[in-house]
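Below are the chains, spelled out letter by letter.
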Amino acid sequence: LEEEGPWEPPPADRPPTDWPREGRVTFKHAYLRYTPDGPPAIRDLDVEIQPAEQIGVVGRTGAGKSSLVATLFRLASIEGEVEIDGLNTGKVGLKALRSAISIIPQVPTLFSASLRYNLDPFEKCADDELWKAIERVELKHSGVALDTVISESGANFSAGQRQLICLARAIVRNNKILIMDEATANVDQHTDSLIQTTIRQAFKDCTVITIAHRINTIIDCDRVLVMDHGQAVEFGPPHELLGQKDGHFAQMVEQTGPTMSSKLRKQAKDSYNQKRAVESQKSD
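Residues numbered from 1 in each chain as written. Predicted model: local features only at pLDDT ≥ 70, side-chain atom pairs only at ≥ 80, totals over all residues. Heavy atoms only, no water.

### Re the overall build of the chain
Counting secondary structure elements, the chain contains nine helices and eleven strands. Relative to its length of 284 residues, the chain is compact, with a C-alpha radius of gyration of 19 Å against a globular reference of 19 Å. Overall, the C-alpha framework of the chain stretches about 55 × 45 × 45 Å when taken along its three principal axes. Relative to its 284 residues, the chain shows a buried fraction of 47%. Intrachain contacts of the chain at a sequence separation of at least 6 include 70% that bridge at least 24 residues. Accessible surface, the chain: about 14,800 Å² in total, of which carbon and sulfur atoms supply 49%. Averaged over its 33 positive side-chain charges, the chain has a centre that lies 3 Å from the centre of its 40 negative ones. (Helix = DSSP H or I, 4+ residues; strand = E, 2+ residues; numbered from the N terminus. Rg over C-alpha atoms; globule rule 2.2 N^0.38 Å. Buried < 20%, exposed > 50% of the residue type's maximum accessible area, 1.4 Å probe, protein only. Contact = heavy atoms within 4.5 Å. Areas by Shrake-Rupley, 256 points an atom, 1.4 Å probe, with all protein chains shown as cover. Lys, Arg positive; Asp, Glu negative; His and termini not counted. Charge placed at Lys NZ, Arg CZ, Asp CG, Glu CD.)

Okay, structure coming up:
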């Protein structure tokens with residue numbers, strides 16, 4: 001196989017050690033292909049995500065939601081540009097790029113090692129920092145210790161607990177950009193609610209991109225990106241998108257049924273008004 005690259009760029013192209021500081025993500029007419037002569041899975045993506053924005057990504061199966069993540073991590077051949085804080089990710093090196101973005105995937109990835117290693121594999125944090133992260137995801141009183149050994153694939157923890165360990169790992173990493181790739185698709189309602197609450201608190205100053213499995217998890221995001229056949233077809237606040245009667249997002253919400261649709265519309269409107277009120281107070 002042809003090697004990925006470059007893993008480490010020339011010294012002149014290496015980003016500052018505190019990059020990214022803001023978390024601004026810009027796609028400039030980006031295309032992604034999994035094979036050189038294959039069709040693009042992402043087509044002419046041209047959007048900018050502001051620092052600390054909460055973005056929901058929705059679309060039907062095959063719309064390009066996961067390919068958006070692959071584009072950000074440069075997991076395949078890319079045309080066009082992807083920038084983080086103004087730096088072209090194609091030049092900063094894969095090591096710096098992939099270290100700068102945290103991801104909580106749909107299927108949690110755990111190592112057959114201690115809990116301490118799973119939270120901090122590069123041994124950069126003190127034990128008290130690790131315990132703070134464990135406490136934030138409500139695992140402190142579940143009988144775990146930092147030396148608790150996680151068995152293969154985390155079999156000695158429930159699905160929800162495995163996802164919470166991944167969330168704790170992201171808290172420890174403290175990156176400015178977090179990707180949630182349908183992270184709550186396989187957990188119970190309580191764990192789903194805990195993850196959503198923790199994300200809002202622990203990552204309120206970070207850019208959070210949520211690949212949505214259920215619309216209710218992203219209805220109060222700052223903006224929603226609607227994907228279709230690898231293209232961005234709508235991008236805006238959920239409440240504004242719901243105002244487009246025949247729009248893609250409005251139709252997706254309508255298909256949840258009258259009761260859920262009404263509830264989602266109210267949530268979107270309330271969130272929209274609340275954010276506008278906060279912005280108004282800041283400007284005053």
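Still more to cover.
### Describing the pattern of salt bridges
Per the counting criterion, the structure on display carries 17 salt bridges. Salt-bridge contacts for Lys28 lead to Glu83; the nearest nitrogen and oxygen are separated by 3.2 Å. In this pair, Lys28 is assigned in strand 1 (residues 25–33) and Glu83 in strand 5 (residues 77–84), connecting sequence segments 55 residues apart. For Arg33, the salt bridge is made with Glu79, and the minimal N-O distance between the two is 2.8 Å. Remark: Glu79 occurs in strand 5 and Arg33 occurs in strand 1; sequence separation between them is 46 residues. When its relative accessible area of 22% is taken as the criterion, Arg33 is described as partly exposed. (Salt bridge = Lys/Arg side-chain N within 4 Å of Asp/Glu carboxyl O.)

### A short note on the environment of Ile195
Summarising the element assignment, Ile195 is placed in helix 6 (residues 189–202). Classification of Ile195 as buried rests on a relative accessible area of 1%.

### Structural notes on the packing of helix 5 (residues 159–173) against helix 6
Where helix 5 contacts helix 6, the two axes come as close as 11 Å, and the packing angle between them is 5°. On the basis of the axis angle, helix 5 is roughly parallel to helix 6. Counting all contacts with helix 5, which are made through Gly160, Gln163, Leu164, Leu167 and Ile171, the residues of helix 6 involved are Thr191, Leu194, Ile195, Thr198, Ile199 and Ala202. (Axes fitted to C-alpha atoms, helices over the stretch in contact; angles between N-to-C directions. Parallel < 35°, antiparallel > 145°, perpendicular 65-115°, else oblique.)

### Describing the UniProt feature "domain: ABC transporter" (unreviewed entry) in the chain
Within this structure's numbering, the places UniProt gives as "domain: ABC transporter" (unreviewed entry) are residues 25–254. Between the end C-alpha atoms of residues 25–254 the distance is 30 Å, and the span holds 31% helix and 24% strand. (UniProt positions renumbered as here; feature names shortened; annotations may be inferred.)

### Quick word on the nonpolar core
With 33 residues, the main nonpolar core has Phe27, Val57, Leu68, Leu72, Ile101 and Ile179 as its most contacted residues. Among the elements that line this core, the one with the most residues is helix 1 (residues 65–73), at five residues. Ignoring anything within four residues of it in the chain, the contact list for Ile179 reads Val69, Leu72, Phe73, Ile101, Ser102, Ile103, Ile104 and Ile209. If you look at the next biggest cluster of nonpolar residues, it comprises 30 residues, including Leu130, Leu146, Leu164 and Ile195. (Core = buried A, V, L, I, M, F, W, Y, C linked by side-chain atoms within 4.5 Å.)

### Quick notes on the packing of aromatic side chains
Enumeration over the complete set of coordinates arrives at one aromatic pair. Here the basic side chain of Arg276 rests over the ring of Tyr272, its NZ or CZ set 4.2 Å away from the ring centre. (Phe/Tyr/Trp six-rings, centres within 6.5 Å; stacked < 30°, edge-to-face > 60°. Lys NZ or Arg CZ within 6 Å of the ring centre and 35° of its normal.)

### Focus: the state of the cysteines
Under the counting rule described, the total for this entry stands at zero disulfides. Here Cys125 stays free of any disulfide, with the sulfur of Cys206 as its closest cysteine sulfur at 14 Å. You can call Cys206 buried: its relative accessible area is 7%. (Disulfide = S-S within 2.5 Å.)

### Re the sheet that holds strand 4 (residues 54–58)
Neighbouring strands of a sheet are bound in pairs by backbone hydrogen bonds; such pairs are parallel or else antiparallel. The mixed open sheet is built from six strands, whose spatial order is 7-8-9-4-10-11. Each edge of the open sheet carries a strand with a single partner, namely strand 7 (101–104) and strand 11 (231–236). Strand after strand, the sheet turns through a mean of 20° between neighbouring axes, direction not considered. Here five bridges tie strand 8 (residues 177–181) to strand 9 (residues 207–211), and the two strands are oriented parallel to one another. Paired with Ile179 across the two strands is Ile209, which belongs to strand 9. Docked against the sheet, helix 6 engages strand 4, strand 7, strand 8 and strand 9, running at close to 165° with respect to strand 8. (Pairing = 2+ DSSP bridges.)

### Some thoughts on helix 1
Most of helix 1 is tucked away, with eight of its nine residues classed as buried. Buried within helix 1 are the following residues: Lys65, Ser67, Leu68, Val69, Ala70, Thr71, Leu72 and Phe73. Looking one or two residues past helix 1, Arg74 carries a phi angle of roughly 55°, positive in sign.

### Some details on helix 6
Taking 1.5 Å of rise per residue, 14 residues should cover 20 Å, and helix 6 covers 20 Å from first to last C-alpha, within 8% of that figure. The complete set of buried residues in helix 6 reads Thr191, Asp192, Leu194, Ile195, Gln196, Thr198 and Ile199. Where helix 6 is buried, its residues meet strand 4, strand 7, helix 4 (127–136), helix 5, strand 8 and strand 9. The N-capping residue of helix 6, defined by a side-chain oxygen 3.0 Å from the backbone nitrogen of His190, is Asp188. (Expected span 1.5 Å × (residues − 1). Polar contact = N/O pair within 3.5 Å; in protein donor to acceptor, adjacent residues only side chain to side chain.)

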